[in-house]
Amino acid sequence: MRSTAAYVLQYWFFYLKGGRAHTPLHEQFLRQIAMCSSSRKISRRRFLSLSAAAAAGALLYKTSPTFAQASDRSAQGLRPQTARTGVIRVGWEAVKRLDPAFASSDSEIAFLTAVYDYLVDVTTTDAVSPRLAESWRVSEDGRQYTFKLVPNAKFHDGKPLTAEDVLYSFNRLRDPAVGSPKISLFDNLEQISAPDDLTVVFTLKTTEPDFIYSITDNSAVIVRAGATNFETEFIGTGPFKVERYIPEDRTLFVANEDYWQSGLPYAAGMEHRYLDSNAAIEALRGGELDVVLRMPNARFVALQNDPNLQTVTFPTSGHDALRLRMDMPPGNDPRVRKALKMATNREEINAFAQLGLGSPGRDAPIGAYFADYFDPDSPLPPYDPDGARALLAEAGYPDLTFDLFVPNTGTRPDFAVVIKDQWAKAGITVNINLVDEATYYGDDGWLEVQLGITGWGARPSPQQYLDFSLKSDGKWNESRIADPELDALIVKAGTSVDRAERIAAYKAIQRKLAEDGPLIIPYFFPTVGAARKEWQFEGGFTVQAFPGRTTFTRARQA
């Protein structure tokens, strides 16, 4: 078995080389400040403009703790619109599902982001920002959110946007007959109502301090009321219209000349080219693409020296989780779970896969990005491959073999290579099965495999990771964990308006997962991006924590 150092050397030769109790809105506001502050501590590479952007996000919250409103859109720095020119070409992996209820990969969400609009957005600093909702109010008891819609938005077919479309969009996501994996995101939603054509009211069953973040979910685009044929009819209110969609090859978009945000987009069109990561990078360097947002870190580091490119990176809450199913042998034995943790050197994985661009993980989906909630002292067992071997023998697994399923994107293959090397020292054989990303996540294949590495995109709140993947009834509970004590902690963290109680619950969750959880999370990956200098980006070249949410409305050809 070759050492990890040998893999590193080969890798670099080959490449050349994310008083009174707080009201829900108080809670959101304080977290956003904390996250922004935390991000500056994590890395000085997180945008020179971070302070200004964070301040702009904070201004979305008025003095009243129950009201938020958009700043004047005419003051957002729009340049006077001249003739739209240029088609910005962006490289993505091929898409599989374009129904918003089921889309999940970066490439699929990028498609939705171009064609549709969200009710509210999350900025690059994780502040909540208006979009189709120009303002919103939260009731004093925290159970009712009232949104006022912009009055001038129209769908691509000319139909005006109304509250009916918003009701249809969210009710569809929570309809069991549709079967969206996002249904559990809105379990706490009692009803949605529309007092008039431009007002939407969400009423919750219980308090949920992070509910505003649920509204920003990747799937929560606003579609036309009654729409069903999402794989072939692409009619939204968004900045681009679909001119031609060629599966497995490309999508051609043209600017929406009647877009409700006057003057946007700047470009005449956009093209999504569907290529694997290496082909996309070569196309970028050769001038056949203008932007690539997904790539191995080593390739990104090499691109930073290219005089024709502009690059950006910052840490996020996104992470890769090596997870073991707990509903079958050997993952149902706590000794095996502990042994796998003991056989894992997280620092080595982080250094190899992230090349210093990410931040360390401690086997829970809550990292330093969530500064107030992160526990840097959760009780991980020390790296001890000999001790792991002995513990496996005690559990009756002296010659353990796993098939490890891995998406072939990002740093997940690198993660797998190091795990194979490390676990071999504890007597564990790992057979790596690289799978196309869209295939891995398609038809729930990733939920069925015994051992897999799953990439979890950046989220603005740790609660979304917990509700989806670590609650017993979570839609994406890929490890099949079923722990009543953990469930109770997750509920407390997600419903309490007592800040200290929430912090205590999140830290208790991290301790449980570190001691006996089914996850190994060695790092939180950064968002990276590279673009040709022929394109100028108003406010600078930036990338969303979930790359697929990056918009190109303010990109102009130089």
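This structure is a prediction, so every number in the text was calculated from the model and none was measured.

## Focus on the packing of aromatic side chains
Scanning all chains against the criterion turns up 24 aromatic pairs. Ring geometry for tyrosine 369 versus phenylalanine 370: centroids 5.7 Å apart, planes at 75°, classification edge-to-face. According to the relative accessible area criterion, tyrosine 369 is buried, its value standing at 3%. Residue class for phenylalanine 370 comes out buried when judged on its relative accessible area of 2%. Taken together, the ring pairs connect Trp136, Tyr145, Phe147, Phe170, Phe186, Phe202 and Phe211 into an aromatic cluster. In this structure, arginine 97 packs its charged tip against the face of phenylalanine 102, placed 4.5 Å from the ring centre.

## Regarding the pairing of strand S16 (residues 429-435)
Bridging between strand S15 (residues 401-407) and S16 involves 7 bridges; their strand directions are parallel. When the bridges of S16 are listed, proline 407 appears paired with valine 435. Since S15 and S16 lie parallel, the crossover through helix H12 (residues 412-424) that links them has a hand, and here it is right-handed.

## A word on the nonpolar core
Of all hydrophobic cores here, the largest spans 69 residues; its most connected members are Leu119, Phe147, Phe170, Phe202 and Ile509. Once you skip the residues sitting within four places of it in the chain, phenylalanine 147 turns out to touch Leu119, Val120, Ala133, Ser135, Trp136, Leu198, Thr199, Val200, Phe202, Ile212 and Ile215. Formed by 36 residues, the second largest nonpolar core is a distinct cluster that contains Val90, Ile109, Tyr118 and Ala227.

## A short note on the packing of helix H15 (residues 462-469) against helix H16 (residues 484-495)
Axis separation between H15 and H16 bottoms out at 10 Å; the angle between their running directions is 145°. Pair H15 / H16 crosses with left-handed handedness. Contacts between H15 and H16 involve Gln463, Leu466 and Asp467 from the first element and Ile490, Ala493 and Gly494 from the second. Residue classes in the contact of H15 with H16 are distributed as 3 nonpolar, 2 polar and 1 charged.

## Notes on the environment of tyrosine 274
Within the fold, tyrosine 274 resides in strand S11 (residues 269-274). Given the relative accessible area of 6%, tyrosine 274 is considered buried. Along the primary structure tyrosine 274 and isoleucine 246 are separated by 28 residues, whereas in three dimensions their C-alpha atoms are 9.6 Å apart. Side chain to side chain, tyrosine 274 and threonine 251 meet in a polar contact 2.8 Å long.

## Examining the pairing of strand S7 (residues 189-196)
For S7 and strand S8 (residues 199-204), the ladder comprises 5 bridges, and the chain directions are antiparallel. The residue of S8 that forms the bridge with serine 193 is valine 201. Adjacent in sequence and paired antiparallel, S7 and S8 are bridged by 2 residues.

## Regarding the side chain of glutamate 208
Here glutamate 208 is to be found in the loop between S8 and helix H6 (211-215). In this view, glutamate 208 contacts Tyr145, Asn188, Ser214 and Gly494; residues no more than four positions away in its chain are not counted.

## Re the packing of helix H9 (residues 334-342) against helix H11 (residues 385-394)
Remark: H9 packs on H11, axes separated minimally by 8 Å, with the N-to-C direction vectors making an angle of 165°. Comparing their axes, H11 and H9 come out roughly antiparallel. Both H9 and H11 take part in a crossing whose hand is left-handed. Taking contact as the criterion, the partners of Arg335, Val336, Lys338, Ala339 and Met342 in H9 are, on H11, Pro385, Gly387, Ala388, Leu391, Leu392 and Glu394.

## Observations regarding the pattern of salt bridges
Inspection of the entire model under this criterion finds 38 salt bridges. The salt bridge involving glutamate 437 is made with arginine 294; its shortest N-O contact spans 3.0 Å. You can see glutamate 437 sitting in helix H13 (residues 437-441) and its partner arginine 294 sitting in the loop between strand S12 (291-292) and helix H8 (297-303), a full 143 residues away along the chain. Of the charged contacts, one joins arginine 480 and aspartate 327 as a salt bridge, the two residues approaching to 3.9 Å between their closest N and O atoms. With arginine 480 in the loop between H15 and H16 and aspartate 327 in the loop between strand S13 (309-324) and H9, this pair connects stretches of sequence that are 153 residues apart. Residue classification places aspartate 327 among the partly exposed residues on the basis of a relative accessible area of 40%. Salt bridges here are not isolated pairs; linked through shared partners, they connect Asp106, Arg294, Asp320, Arg412 and Glu437.

## Remarks on the environment of aspartate 121
Its location among the elements puts aspartate 121 in strand S3 (residues 120-122). Aspartate 121 sits in the buried class, given a relative accessible area of 16%. Engagement of the side chain of aspartate 121 in a polar contact is seen with the side chain of arginine 131, the distance being 3.0 Å. In this structure the side chain of aspartate 121 is engaged in a polar contact, spanning 3.0 Å, whose partner is the side chain of arginine 549.

## Points about the side chain of threonine 550
Inspection of the secondary structure assignment puts threonine 550 in the loop between strand S20 (535-537) and strand S21 (555-557). Of the polar contacts made by the side chain of threonine 550, one reaches the backbone nitrogen of glutamine 544; its length is 3.0 Å. Engagement of the side chain of threonine 550 in a polar contact is seen with the backbone oxygen of proline 547, the distance being 2.9 Å. Those residues in contact with threonine 550 that lie beyond four places of it in its chain are Thr113, Leu293, Thr542, Val543 and Gln544.

## Regarding the confidence of the model for the protein
Scored by pLDDT, the protein comes out at a mean of 85, with 85% of its residues at no less than 70. This model gives residues 1-80 a pLDDT under 50, and the stretch forms 171 contacts once residues within four places in sequence are excluded.

## Notes on the environment of aspartate 487
Within the secondary structure, aspartate 487 sits in helix H16. Accessibility expressed as a relative area gives 17% for aspartate 487, which makes it buried. For the pair aspartate 487 and lysine 471, spaced 16 residues apart in sequence, the C-alpha separation works out to 5.4 Å. Not counting chain neighbours up to four residues away, the residues in contact with aspartate 487 comprise Leu470, Lys471 and Ser472.

## What about H16?
The terminal C-alpha atoms of H16, which comprises 12 residues, lie 17 Å apart, in line with the 16 Å expected from a rise of 1.5 Å per residue. Listed as buried for H16 are Leu486, Asp487, Leu489, Ile490, Ala493 and Gly494. Relative to the axis of H16, the buried residues are bounded by an arc of 165° and lie together on one face. The inward-facing, buried residues of H16 contact H15 and helix H17 (499-516). The opening residue of H16 is aspartate 483, an N-cap whose side-chain oxygen sits 2.9 Å from the backbone nitrogen of glutamate 485.

Here is what the cut-offs are and how they apply
Residues numbered from 1 in each chain as written. Predicted model: local features only at pLDDT ≥ 70, side-chain atom pairs only at ≥ 80, totals over all residues. Heavy atoms only, no water. Phe/Tyr/Trp six-rings, centres within 6.5 Å; stacked < 30°, edge-to-face > 60°. Buried < 20%, exposed > 50% of the residue type's maximum accessible area, 1.4 Å probe, protein only. Lys NZ or Arg CZ within 6 Å of the ring centre and 35° of its normal. Pairing = 2+ DSSP bridges. Helix = DSSP H or I, 4+ residues; strand = E, 2+ residues; numbered from the N terminus. Right-handed = clockwise from strand over helix to strand, strands pointing away. Core = buried A, V, L, I, M, F, W, Y, C linked by side-chain atoms within 4.5 Å. Contact = heavy atoms within 4.5 Å. Axes fitted to C-alpha atoms, helices over the stretch in contact; angles between N-to-C directions. Left-handed = near helix turned anticlockwise from the far one by under 90°. Nonpolar A, V, L, I, M, F, W, Y, C, P; charged D, E, K, R; others polar. Polar contact = N/O pair within 3.5 Å; in protein donor to acceptor, adjacent residues only side chain to side chain. Parallel < 35°, antiparallel > 145°, perpendicular 65-115°, else oblique. Salt bridge = Lys/Arg side-chain N within 4 Å of Asp/Glu carboxyl O. pLDDT = per-residue confidence, 0-100. Expected span 1.5 Å × (residues − 1). Arc of directions from axis to C-beta.

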